[in-house]
Amino acid sequence: MPRSLYDRDYLLLNASNFLYSLYATMFIFLPPFLYRLGVREGEIGLIMATGTLVSVALKPVNGLFVDRGGRTAFLVSGALLASASTVPWLFVTEPGAHLFAIRIFQGAAYSFFATASYAYIAAAAPADRRGEALGVFGLSFFLPTAIGGWLGEWVIGRSGFQGLFLSATVIAFLAALFPLGMREPKVTSRLPPSSLLDFLSRAYLIPNSAGFLFGMAYGSLFTFLPVFLLIRKISSLGVFLFVYALSVIGTRTLARKLADRMPRERLCLVSLLLLGTGILAVPLIAGPLGLALVAIVSGTGHGFLFPSLSALILDRAGKGKGGMAMAMFTGAFDMGLVIGAAAFGFIAEHHGYGAMFFSAAGITAAGSLFFFTQDPAFRKASLPEPGP
């Protein structure tokens, strides 16, 4: 990518990711759909976790291939597979093993697309603007989130869940078109499979552990908040998604350069604490105002956390290992989603939603403490130093 960050390829990548993220936002309504089919919280968590587990399992392999020059091909194939794997939801009328099978293919699609998109950023973004590149790229995740909640509710109200799934199918197909006009970055590397062991070293293990715990907290919030609001009959999910997305967007625009100016480790700690505080307050929600406040606090934490952790990983990896480094990092985040959705689902089913959200907040606080005490770079409080 040229020194100017915002060139044609970067804009096309953001456009494709905008559509894919709008597609993914539609599936925030999958847990309520499953609940109405008679599936209970524990099994809902397992169904949601299945797709994510497949995504995690494929990411290291995908990371090896995308760094060899297959980024745009993976973007296209991921979006097309997402479109095709959504069609079966149009015909689902009862619980069964087929729900897990559908989620397997959706997880593979997400793995292809997400690995390729972050590998593209890693290879193309200027080293001294990685935090900004990742932060602005994150807008294409959360602009759809801002409108996706209300759009999904509107579609369901007009044409039911079948209309929702049909819309998602079309949106994913459109997301596959934009990468066709993107140039493949010239940065390539042929890492051997043994290079995976490098990412178990302390330099990567600590931030990846923080990403894992971040994923657990995020999974508890976005998997079970929709069902919690449905059961409690509190406000609209659209309110939460809109305010949460605006909070993330605010951090990525008004403070988009902060991740490149502050010590990334310090910013990560503050962000984890904000996210945990927001989750801790969920059981106390009594109406739209409380829901909006939770969204502001947790959304602000998320807005700073993901780009600062991602940029920290890339600083330590450099461009030659960027695709694999991001695959391992997002894989850690996704594994947190898997564990969080499965474990917190059973906590909610057997001990209630209050215990579940308090547990998720506790996990996030523990992750903050772990990150603080175990990463030597945190105590140095050094400014970001981009890798090669």
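Reference entry: report on the structure contained in this document. Keep in mind the model is a prediction, meaning the values are calculated, not measured. (Residues numbered from 1 in each chain as written. Predicted model: local features only at pLDDT ≥ 70, side-chain atom pairs only at ≥ 80, totals over all residues. Heavy atoms only, no water.)

## A word on the overall build of the chain
If you tally the helices and strands in the chain, you get 13 helices and zero strands. Traced from its N-terminal end to its C-terminal end, the chain shows the element sequence α-α-α-α-α-α-α-α-α-α-α-α-α. A buried classification covers 60% of the 388 residues belonging to the chain. About 14,400 Å² of surface is accessible on the chain, with carbon and sulfur atoms providing 70% of the total. (Helix = DSSP H or I, 4+ residues; strand = E, 2+ residues; numbered from the N terminus. Buried < 20%, exposed > 50% of the residue type's maximum accessible area, 1.4 Å probe, protein only. Areas by Shrake-Rupley, 256 points an atom, 1.4 Å probe, with all protein chains shown as cover.)

## Things to note about the packing of aromatic side chains
Scanning the entire structure with this criterion turns up 25 aromatic pairs. Note on Phe222 and Tyr244: the rings are 5.1 Å apart at their centroids and 85° apart in plane angle, and the pair reads as edge-to-face. Taken together, the positions of Phe222 in helix α7 (residues 202–232) and Tyr244 in helix α8 (residues 237–253) put the pair 22 residues apart, joining distant regions of the chain. Judged by relative accessible area, Tyr244 falls into the buried class, the value being 0%. Three or more aromatic residues link up through ring pairs in this structure, and these residues are Tyr118, Phe214, Tyr218, Phe222, Phe240, Tyr244, Phe306, Phe329 and Phe333. Positioned above the aromatic ring of Tyr35 is the side chain of Arg40, whose terminal nitrogen or guanidinium carbon lies 4.2 Å from the ring centre. (Phe/Tyr/Trp six-rings, centres within 6.5 Å; stacked < 30°, edge-to-face > 60°. Lys NZ or Arg CZ within 6 Å of the ring centre and 35° of its normal.)

## Digging into empty space enclosed by the protein
Following the criterion strictly, the structure yields three cavities of 30 Å³ or more and no others. Estimates place the volume of the largest cavity at around 990 Å³. Around the largest cavity, the lining is made up of 38 residues, and of these Ala24, Tyr110, Tyr218, Phe333 and Leu337 lie nearest the centre. Elements represented by at least two residues in the lining of the largest cavity include exactly α1 (8–26), α3 (41–66), α5 (98–124), α6 (130–175), α7, α10 (288–317) and α11 (322–351). By residue class, the composition of the lining of the largest cavity is 22 nonpolar, 13 polar and three charged. (1 Å grid on protein atoms, 1.4 Å probe; cavity = no way out; pocket = protein on both sides within 12 Å on 5 of 7 lines; lining within 4 Å. Points joined across faces, edges and corners; volume = space filled by probe spheres on them. Nonpolar A, V, L, I, M, F, W, Y, C, P; charged D, E, K, R; others polar.)

## As for the pattern of salt bridges
Taken as a whole, this structure holds three salt bridges when the rule is applied. In this structure, Arg8 and Asp9 form a salt bridge, with 3.6 Å as the shortest nitrogen-oxygen distance. With relative accessibility at 5%, the residue Asp9 sits in the buried group. Overlapping salt bridges, with partners in common, bring together Arg8, Asp9 and Arg183 in one network. (Salt bridge = Lys/Arg side-chain N within 4 Å of Asp/Glu carboxyl O.)

## Details of the packing of helix α9 (residues 264–280) against helix α12 (residues 353–374)
The relative placement of two packed helices is expressed as an angle between their axes plus a distance between the axes. Between α9 and α12, the least distance of the axes is 8 Å, while the angle of their chain directions is 165°. By the angle between their directions, the pair α9 and α12 is classed as roughly antiparallel. The handedness of the crossing between α9 and α12 comes out as left-handed. The residues of α12 that touch α9, namely those facing Glu265, Cys268, Leu269, Leu272, Leu273, Gly276, Ile279 and Leu280, are Phe357, Phe358, Ala360, Ala361, Thr364, Gly367, Ser368, Phe371 and Phe372. The residue makeup of the contact of α9 with α12, split by class, is 12 nonpolar, four polar and one charged. (Axes fitted to C-alpha atoms, helices over the stretch in contact; angles between N-to-C directions. Parallel < 35°, antiparallel > 145°, perpendicular 65-115°, else oblique. Left-handed = near helix turned anticlockwise from the far one by under 90°. Contact = heavy atoms within 4.5 Å.)

## Considerations on α1
Here α1 contains 19 residues, and its C-alpha end-to-end distance of 28 Å stays within 8% of the 27 Å for a straight helix at 1.5 Å per residue. Counting buried positions along α1 yields 14 of 19 residues, so the element is predominantly enclosed. (Expected span 1.5 Å × (residues − 1).)

## Re the environment of Val227
Along the chain, Val227 turns up in helix α7. Accessibility expressed as a relative area gives 0% for Val227, which makes it buried. Remark: the alpha-carbon pair of Val227 and Leu237, spanning 10 residues in sequence, is separated by 9.6 Å. Apart from residues no more than four positions distant in its own chain, Val227 is found in contact with Pro31, Pro32, Tyr35, Glu41 and Tyr353.

## Some details on the side chain of Thr25
With respect to the element layout, Thr25 can be found in helix α1. By relative accessible area, which is 4% here, Thr25 ends up buried. If we ignore the near neighbours within four places in the chain, the residues touching Thr25 are Pro144, Thr145, Gly148 and Gly149.

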